[in-house]
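What follows is each chain in one-letter form.
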Amino acid sequence: MTGRNRSRLLTLAIGSAPWLAFFALLLAGWRVANLTGALPAYGDVLEVVWTTVWYDGALRGMHGFLVHPSTFFPAGWHVATFAGGPAMFLPLLPLHWLGGPAFAYNVTTLLTFALAFAGTKRLARRFLGALPAAVAALLFTFWGFRWLRIAGHLNISLASALLPWLALSIERAFDAEHRKVAWWVLAGVLWAAMIACSW
């Protein structure tokens with residue numbers, strides 16, 4: 001192996017180390033092996049699953065949007081009171097159509113971890129070296145507040161995963177000489193998405 005190849009291999013190893021640490025921590029904590037048939041918890045997770053299935057049926061014209069009559073019988077569940085806003089169902093419904101409600105919940109939850117890690121790493125890299133930025137990203141991604149949200153608070157997981165991207169957009173808007181308005185618009189869109197995920 002030549003010195004140039006060693007240098008490339010070392011650069012690749014250093015560049016992929018934060019993501020390897022991310023996947024190691026995610027695999028150490030994630031307990032669902034069957035993404036299509038098992039859930040990481042019950043209780044509030046079931047509300048997300050019920051609502052996903054309910055909105056799917058409503059979109060297909062099987063019933064109305066407003067009340068899920070079988071849940072919280074006899075009064076039914078007024079689906080509009082659900083804490084997850086409409087933006088939460090943008091990733092859930094297509095994934096539900098691909099693999100079912102458990103698949104949709106599990107994959108969306110896993111994607112929130114990747115989104116939070118990538119955003120925090122990128123934001124922290126503007127202020128810190130590579131190693132401290134990776135540590136900051138791992139700490140934000142896997143801190144207890146976010147990790148406990150896999151038990152049914154997907155709305156909070158999605159909103160908190162967008163938070164570093166919002167901060168990065170605002171930071172870029174203040175620093176930008178060109179496209180300043182575009183960065184502010186992106187920040188506004190991200191903020192609106194966070195609000196629409198959880199209300």
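Refer to the structure presented above.
All figures in this text were calculated on a predicted structure; none of them were measured in a lab.

Asks: Looking at this structure, I do not really get helix 5 (residues 130–142). What am I missing?
Replies: Side chains of residues three or four places apart in an α-helix project in the same direction, reflecting 3.6 residues per turn. In this model, helix 5 (13 residues) spans 18 Å end to end at C-alpha, consistent with the 18 Å of a helix rising 1.5 Å per residue. Of the residues making up helix 5, those classed as buried are A133, A134, A137, L138, F140, T141 and F142.

Asks: Looking at this structure, I do not really get unusual backbone geometry. What am I missing?
Replies: For residues besides glycine, phi is generally negative; the peptide bonds are generally trans as well. One non-glycine residue, R179, lies in the positive phi region at around 60 degrees. With respect to the secondary-structure elements, R179 resides in the loop between helix 7 (154–175) and helix 8 (180–197).

Asks: What is the right way to read the packing of helix 7 against helix 8 from this model?
Replies: Helices that pack against each other are described as a pair by the angle of their axes relative to one another and the distance between those axes. Between helix 7 and helix 8, the least distance of the axes is 8 Å, while the angle of their chain directions is 165 degrees. Put simply, helix 7 runs roughly antiparallel to helix 8. Between helix 7 and helix 8 lies a crossing whose hand is left-handed. Note on element contacts: helix 8 touches helix 7 through K180, W183, W184, L186, A187, L190, W191, A193, M194 and C197, opposite N155, L158, A159, L162, L163, W165, L166, S169, I170, R172, A173 and F174. Of the residues assigned to the contact of helix 7 with helix 8, the class counts are 18 nonpolar, two polar and two charged.

Asks: What am I meant to see in helix 2 (residues 44–59) here?
Replies: Compared with an ideal rise of 1.5 Å per residue, which puts 16 residues at 22 Å, helix 2 spans 23 Å between its outermost C-alpha atoms and is within 8% of the ideal. Of all the residues in helix 2, the buried ones are V45, V48, V49, T51, T52, W54, Y55, D56, G57 and A58. In this structure, the buried side of helix 2 is in contact with strand 1 (67–68), strand 2 (77–78), helix 3 (89–99), helix 4 (101–125) and helix 7. Following helix 2 by one or two positions, G61 adopts a phi angle in the positive range, close to 80 degrees.

Asks: Sorry, what's going on with the nonpolar core here?
Replies: Side chains of nonpolar character tend, in soluble globular proteins, to be buried together. V48, M88, F89, L92 and L154 are the most contacted members of the largest nonpolar core, which has 22 residues in total. Of all the secondary-structure elements, those providing two or more residues to this core are helix 2, helix 3, helix 4, helix 7 and helix 8.

Asks: How do you make sense of the packing of aromatic side chains when you look at a structure like this?
Replies: The description of an aromatic ring pair uses the distance of the two centres, along with the angle that the planes make with each other. Taken as a whole and assessed by the stated rule, the structure comprises 12 aromatic pairs. Ring centres of F22 and F142 lie 5.7 Å apart, and the angle between their planes is 40 degrees; on these two criteria the pair is classed as tilted. One end of the pair, F22, is in helix 1 (residues 3–29); the other, F142, is in helix 5, with 120 residues separating them in the sequence. Relative accessible area serves as the criterion here: at 1%, F22 is assigned to the buried category. Residue F142 is classed as buried on the basis of its relative accessible area, which comes to 16%. Three or more aromatic residues joined by ring pairs form one cluster here, namely W19, F22, F23, F113, F117, F142 and W147.

The rules behind these values
- Residues numbered from 1 in each chain as written.
- Predicted model: local features only at pLDDT ≥ 70, side-chain atom pairs only at ≥ 80, totals over all residues.
- Heavy atoms only, no water.
- Helix = DSSP H or I, 4+ residues; strand = E, 2+ residues; numbered from the N terminus.
- Expected span 1.5 Å × (residues − 1).
- Buried < 20%, exposed > 50% of the residue type's maximum accessible area, 1.4 Å probe, protein only.
- Axes fitted to C-alpha atoms, helices over the stretch in contact; angles between N-to-C directions.
- Parallel < 35°, antiparallel > 145°, perpendicular 65-115°, else oblique.
- Left-handed = near helix turned anticlockwise from the far one by under 90°.
- Contact = heavy atoms within 4.5 Å.
- Nonpolar A, V, L, I, M, F, W, Y, C, P; charged D, E, K, R; others polar.
- Core = buried A, V, L, I, M, F, W, Y, C linked by side-chain atoms within 4.5 Å.
- Phe/Tyr/Trp six-rings, centres within 6.5 Å; stacked < 30°, edge-to-face > 60°.

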